[in-house]
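This is what each chain is made of:
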Amino acid sequence: MAALAYTLGKREINHYFSVRSAKALALTAVLLLAACHAASRRYRGDDTCEYLLSSGRFLGEKVWQPHSCMMHKYKNSEAKNCLIDKHIAFIGDSRIRQLFYSFIKLINPQVKEEGNKHGNIPFEDKSASIKVDFLWYPEVNGSMRQRIKSWTEAAMAKPHIIVAGAATWSIKIHNGSNEALAQYKINITSIAPLLEKLAKSSDVYWVLQDPVYEDMLSESRKMITNEKIDAYNEAAVRILNSSSRNSKAKVKVFSVSKLIAQETIMKSSDGLHLPESSRETNAMILMNVYCNKILKPIDGSCCQPQPPLTLIQKLAFCFFTLSIIGYLIINLIHRNNYRKNKSCTDLENGEEKKPAVSTPTVSTLEMLLHSFCKLGLIMTYFYLCDRANLFMKENKFYTHSSFFIPIIYILVLGVFYTENTKETKVLNREQTDEWKGWMQLVILIYHISGASTFLPVYMHIRVLVAAYLFQTGYGHFSYFWIKGDFGVYRVCQVLFRLNFLVVVLCIVMDRPYQFYYFVPLVTIWFMIIYVTLAVWPQIVQKKANGNCFWHFGLLLKLICLLICIYFLSYSQGAFEKIFSFWPLSKCFELNGNVYEWWFRWKLDRYVVFHGMLFAFIYLALQKYQVLSEGKGDPLFSNRVSNVLLFISVVCFLTYSVWASSCKNKTDCNELHPSVSVVQILAFILIRNIPGYVRSVYSSFFAWFGKISLELFICQYHIWLAADTKGILVLIPGYPVLNVMFSVESQ
């Protein structure tokens, strides 16, 4: 009964939910989300600097995520490069002093918090000509006004960045009186025009007061309550910029510190001052606000305008626009001609004749333009996702739930859509498509969830990437060995299939070819397989069947290939010289060198060879009828099948235990090229030895497997963001739901 209910349920779902309806549903969802995000941007504004300074949330305990944009984590060298020849002034009380120390530690981590706490503190980095001063003005009064006024005078050099703020001392000294609040309003009203004048040429920030943890305050600070702090903050926000009409002359209100403090103030040592991690976050936000527009880090989308179009991007846009216009014109002409010929009535007998042309003819040009139209619309969507500011972008943050819950979700879907295979051979087409499909979905979730920070998951994903390359070696070797087709047409066909989408993306997204590292990897390995088998003597199955000697000749070729791989893997200099020659350097360089290409190639250097060797052994066993590949039959005799199956399960689990116990990514990566084949072969045997398991496959995973290469490439721009450093956010605030919805809607 359960099996019958399952079958009927699946049939009912398939009746109402086809691939076409799924595409329509996904398109509708994307359009609705795009409209919602566009409306949100228009209503709330699209100034990501404003979001960075005013809103966000914690991912976990220490990672701060600004609303809708990504925050770059600046290194000391980057901070110095940004602030070279700059003068920064921090003016205020002890809380501003804390922010001052956290800021200069981004420039020089060796700085210690020493000196007079209630006095001015200078800092200078002579190597980069950076000057940062803390000026002790604990109250907003005439003294602070006089200091700020001195900066507005023409003869005085103005700081490039001014960070100011104070209030708690006023509350403390005057015992939280209303008169003190009234005087604060008068004083900040007199200071506001001066700050706005400075804001025309400098970046001026007013830091709102953080809440306090009242239960931990000392007796001398008990009058500093959150109610009083809110009143002072409200006065500051209302008065600042009240007279400014010019957006460029606005004082930037640093209110995000309040949100950070609300989550962390209970960890304070005295209830008043923030813990060090929160201060570091505030300093990093300040650095992002000022430096992102200067250095333009790829993973710092906050405060960065949309990048201007390059010439080649403009030409691509014109090409796709002309294609759409041309298609519409030709389609309109054809439809008009068809409509004229459709109804032709015999006026004498009143009978309707058959039209001369029953269906509209579609020319090759129209089909070509139609294809370019679809490609243009797809590329437009890619650009809007990754290069425009339509959708939100966030930094990656790994949690076990964000990775494993979507994995379980797609696993259930994959098992639900189980069907019988058309053939029951080892690694038949349905099975390899299924294998590629579930691997690609897992890799996609891995990238979106940022699971690379969790070493056991990282090592298992490395095996999945190796399995892709294993199939590359297995598939191409099998084709050339069986077909013997070494013609130019076949080579061009494969190269076009592998590279067309990537070349278009390189043009539209303004990215180097090596950025999409997996495509160069499979392209080079295809050419290596081709050259290995095509050079004299060409040895194919038909020739080898006539004389077993040729099998040894092929093995000799494979041994030579292995020696070449081994030599290049331990000779980085030779490898880099080969790929540094023009025009190869244009294809394989990233950030001015080929190191990234070297790393990617070396990481899985043997697995393609393993795939070729497996294909050779399998086809030889198949020829000599060692295997039993009938429907429902075990691959070998029962005893041999059971032994091999047991060994495979043990090897599979042993590798997983080893990968899960890895402590150092570098050391594990060194072993990975040699041991990844263990789990790959174990999986193949587990999947193919039992006859029943070999006779079924998941059509759900197989569908994704047919477009696995496209999914691998597309993930860079429509699921991930900022060159894979962040993620595209369709549903903000719900990371697990966002992952699952992103996979389904895209």
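Residues numbered from 1 in each chain as written. Predicted model: local features only at pLDDT ≥ 70, side-chain atom pairs only at ≥ 80, totals over all residues. Heavy atoms only, no water.

- Per an unreviewed UniProt entry, the chain is named CAS1 domain containing 1, and its organism is Apteryx owenii.
- If you open the UniProt record of the chain and go to Subcellular location (unreviewed entry), you find "Membrane".
- Check the Sequence similarities (unreviewed entry) section of the UniProt entry for the chain; it says "Belongs to the PC-esterase family. CASD1 subfamily." (UniProt positions renumbered as here; feature names shortened; annotations may be inferred.)

Brief notes about the overall build of the chain
Inference 1: Summing up its helical and strand segments, the chain has 30 helices and 15 strands in all.
Inference 2: For the C-alpha atoms alone, the extent of the chain along its principal axes is close to 100 × 85 × 65 Å.
Inference 3: Within the chain, contacts between residues separated by at least 24 positions form 76% of all contacts whose residues are at least 6 apart in sequence.
Inference 4: Here the chain holds 78 positive side-chain charges and 55 negative ones, and the gap between their average locations is 5 Å. (Helix = DSSP H or I, 4+ residues; strand = E, 2+ residues; numbered from the N terminus. Contact = heavy atoms within 4.5 Å. Lys, Arg positive; Asp, Glu negative; His and termini not counted. Charge placed at Lys NZ, Arg CZ, Asp CG, Glu CD.)

Some thoughts on the side chain of Ser641
Inference 1: Among the secondary structure elements, Ser641 is positioned in helix H25 (residues 638–660).
Inference 2: The class for Ser641 is buried, based on a relative accessible area of 4%. (Buried < 20%, exposed > 50% of the residue type's maximum accessible area, 1.4 Å probe, protein only.)

Let's talk about the sheet that holds strand E14 (residues 720–721)
Inference 1: The three strands lie next to each other as E11-E15-E14, forming an open sheet whose pairing is antiparallel. Of all the strands in the sheet, the pair left with one neighbour each is strand E11 (392–395) and E14. (Pairing = 2+ DSSP bridges.)

A word on the state of the cysteines
Covalent bonding between the sulfur atoms of two cysteines is what defines a disulfide.
Inference 1: Within this structure, the stated rule accounts for four disulfides.
Inference 2: For Cys49, the disulfide goes to Cys303, at an S-S distance of 1.9 Å. Given an S-S torsion of about 135°, the disulfide between Cys49 and Cys303 has right-handed geometry. Remark: Cys303 occurs in the loop between helix H11 (276–295) and helix H12 (311–342) and Cys49 occurs in helix H3 (residues 48–54); sequence separation between them is 254 residues.
Inference 3: In this structure Cys303 comes out as buried when scored by relative accessible area, which is 7%.
Inference 4: Once the bonded cysteines of the chain are numbered in order along the sequence, the disulfide links fall as 1-6, 2-5, 3-4, 7-8. (Disulfide = S-S within 2.5 Å.)

Structural notes on a negative patch on the surface
Inference 1: On the surface, Glu214, Asp215, Glu227, Asp230 and Glu234 cluster together to form a negatively charged patch.
Inference 2: A relative accessible area of 66% means that Asp215 is categorised as exposed. (Patch = residues over 30% accessible without salt bridge, like charges linked within 9 Å, V, L, I, M, F, W, Y side chains within 5 Å. Areas by Shrake-Rupley, 256 points an atom, 1.4 Å probe, with all protein chains shown as cover. Salt bridge = Lys/Arg side-chain N within 4 Å of Asp/Glu carboxyl O.)

Comments concerning unusual backbone geometry
Inference 1: A cis amide bond links Trp536 to the next residue, Pro537, at an omega of -5°.
Inference 2: Within the secondary structure, Pro537 is located in the loop between helix H18 (518–534) and helix H19 (541–546).
Inference 3: Of note, the bond from Trp582 into Pro583 is cis; its omega dihedral lies within 30 degrees of zero at 5°.
Inference 4: As for its position among the elements, Pro583 is in the loop between helix H21 (572–580) and helix H22 (584–588).
Inference 5: Positive phi outside glycine occurs at Asn591, with the angle close to 60°.
Inference 6: Within the element layout of this structure, Asn591 appears in the loop between H22 and helix H23 (595–603).
Inference 7: Given the relative accessible area of 75%, Asn591 is considered exposed.
Inference 8: With a phi angle near 75°, Thr724 is a residue other than glycine that sits in the positive phi range.
Inference 9: Along the chain, Thr724 falls in the loop between E14 and strand E15 (726–729).

Here's the deal with the pattern of salt bridges
Inference 1: Tallying each qualifying case throughout the model produces 16 salt bridges.
Inference 2: Residue Lys105 is joined to Glu276 by a salt bridge in which the shortest nitrogen-to-oxygen separation is 3.9 Å. In this pair, Lys105 is assigned in helix H5 (residues 94–107) and Glu276 in helix H11, connecting sequence segments 171 residues apart.

What about the UniProt feature "domain: NXPE C-terminal" (unreviewed entry) in the chain?
Inference 1: Feature annotation in UniProt assigns "domain: NXPE C-terminal" (unreviewed entry) to the following positions: residues 64–134.
Inference 2: Taken end to end, residues 64–134 is 31% helix and 27% strand, and its first and last C-alpha atoms sit 26 Å apart.

Describing the nonpolar core
Inference 1: Met379, Phe403, Tyr516, Phe518 and Ile680 are the most contacted members of the largest nonpolar core, which has 128 residues in total.
Inference 2: Sort the elements by how many residues they give to this core and helix H16 (residues 455–483) lands first, with 17 residues. (Core = buried A, V, L, I, M, F, W, Y, C linked by side-chain atoms within 4.5 Å.)

Quick look at the pairing of strand E2 (residues 63–66)
Inference 1: Here strand E1 (residues 56–59) runs beside E2; their pairing, made up of four bridges, is antiparallel. In the sheet register, Gly56 faces E2, and the bridge partner there is Pro66.
Inference 2: Here E1 hands over to E2 after three residues, with Gly60 in that stretch at a positive phi of 75°.

As for a nonpolar patch on the surface
Inference 1: On the surface, Leu322, Ile325, Ile329 and Ile333 cluster together into a nonpolar patch covering about 380 Å² of accessible area.
Inference 2: By the element assignment, Ile329 lies in helix H12.
Inference 3: The partly exposed category is assigned to Ile329, whose relative accessible area is 47%.

With respect to the packing of helix H15 (residues 429–449) against helix H29 (residues 708–718)
Inference 1: The contact between H15 and H29 brings their axes to 9 Å, and the two run at 10°. As the angle between them shows, H15 and H29 are arranged roughly parallel. Listed contacts from H29 to Lys436, Gln440, Ile443, Leu444 and His447 of H15 are Ser708, Leu711, Phe712 and Gln715.
Inference 2: Among the residues making up the contact of H15 with H29, the classes are represented as four nonpolar, four polar and one charged. (Axes fitted to C-alpha atoms, helices over the stretch in contact; angles between N-to-C directions. Parallel < 35°, antiparallel > 145°, perpendicular 65-115°, else oblique. Nonpolar A, V, L, I, M, F, W, Y, C, P; charged D, E, K, R; others polar.)

Quick look at the environment of Gly300
Inference 1: Here Gly300 lies in the loop between H11 and H12.
Inference 2: Residues Gly300 and Lys73 lie 227 residues apart in sequence; the distance between their C-alpha atoms is 8.2 Å.
Inference 3: Ignoring sequence-local partners within four residues, the contact set of Gly300 consists of Met70, His72 and Asn292.

Here we look at the environment of Met144
Inference 1: Within the fold, Met144 resides in helix H6 (residues 142–152).
Inference 2: You can call Met144 buried: its relative accessible area is 0%.
Inference 3: Placed 357 residues apart in sequence, Met144 and Leu501 show a C-alpha to C-alpha distance of 60 Å.
Inference 4: With residues up to four places along the chain from it excluded, the contact list for Met144 reads Ile91, Gly92, Tyr137, Glu139, Ala166, Ile191 and Trp206.

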